[in-house]
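Residues per chain are reported as follows:
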Amino acid sequence: AQQKIAQQLKQRKEELGKQMQMTRQKVHLQQQMHQQQHKESIQRQKHRFQLHRLKYQEILAQEKEYEKQRYMELAQRHQTAEKQLKQSRSAYIQQKREQRMMKKQKIGHILERKQMQDEQHEKQILQNLEKVQQKLREIEHEKQCLRQQLKQ
């Protein structure tokens, strides 16, 4: 009977040993799977980060190109405005010459009527000149702002 009990204990001990071994193997496999999943997760995160970085760089490049284009457009508008200002000044000077000639040639009622028209026209031209100069100042300001942005 003792031998039988000893044999049963021995068998039970062997079964428990096998179960422990199986449990260790199971835990080891679970740890390996967890490590593998962790590595894969890190790889996915790295990949996502690289994609985000590439998109960010692409957006930055697009913004820089847009700013460059905007600067070029502003420069072009500035040039056009300067030309318009010069033309307006030339036209104004020419008109003043013509006005003086007319004043010398005309007398009386015709002179008074023409003078009133000329004054109105002169006011209009001066207002236009002021508008063009204001526009030039605005464009110059925008240009300065864009230069600052491009430097940054």
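The notes below deal with the structure included here.

Close approach of charged atoms lets side chains of opposite charge pair. Summed over the entire model, instances satisfying the criterion amount to 6 salt bridges. Where Asp118 meets Lys114, a salt bridge forms, and the shortest distance between an N and an O atom there is 3.4 Å. Taken together, the residues Asp118 and Lys114, both in helix H2 (residues 108-151) and 4 residues apart, mark about one turn of the helix. Given a relative accessible area of 29%, Lys114 falls into the partly exposed group. Close ionic contact of Glu130 with Arg137 constitutes a salt bridge, the shortest N to O distance being 3.2 Å. Assessed through its relative accessible area of 41%, Glu130 is described here as partly exposed. Residue class for Arg137 comes out partly exposed when judged on its relative accessible area of 43%. Through salt bridges with shared partners, a single network forms among Arg70, Arg77 and Glu142.

Bringing the nonpolar core into the picture now. In terms of nonpolar packing, the biggest core is built from 10 residues, these being Leu74, Ala81, Leu85, Tyr92, Ile125, Leu129, Val132, Leu136, Ile139 and Leu146. At the level of elements, helix H1 (2-105) and H2 are the ones that each hand at least two residues to this core. At 6 residues, H2 tops the list of elements feeding residues into this core. Once you skip the residues sitting within four places of it in the chain, Leu146 turns out to touch Glu67, Arg70, Tyr71 and Leu74.

What counts, and where the lines are drawn
- Every chain begins its residue count from 1, and numbering advances along the sequence as written.
- This being a predicted model, a pLDDT of at least 70 is required before a residue's local features are given, and a value of 80 or more before pairs of side-chain atoms are given or counted; all residues contribute to the totals for chains, interfaces and linings.
- Values shown for side chains rest on all heavy atoms present in the structure; no hydrogens or waters enter the calculation.
- We define a salt bridge as a contact between a side-chain nitrogen of Lys or Arg and a carboxyl oxygen of Asp or Glu at a distance within 4 Å.
- What counts as a helix is a DSSP run of H or I of at least four residues, what counts as a strand is a run of E of at least two, and both are numbered from the N terminus.
- To sort residues, take the accessible area from a 1.4 Å probe on protein chains only and compare it with the maximum for the residue type: under 20% means buried, over 50% means exposed, and anything in between is partly exposed.
- The criterion is simple. A nonpolar core is a set of buried Ala, Val, Leu, Ile, Met, Phe, Trp, Tyr and Cys residues joined through side-chain atoms within 4.5 Å.
- Contacts were defined at the residue level, with two residues in contact if any of their heavy atoms lie within 4.5 Å.

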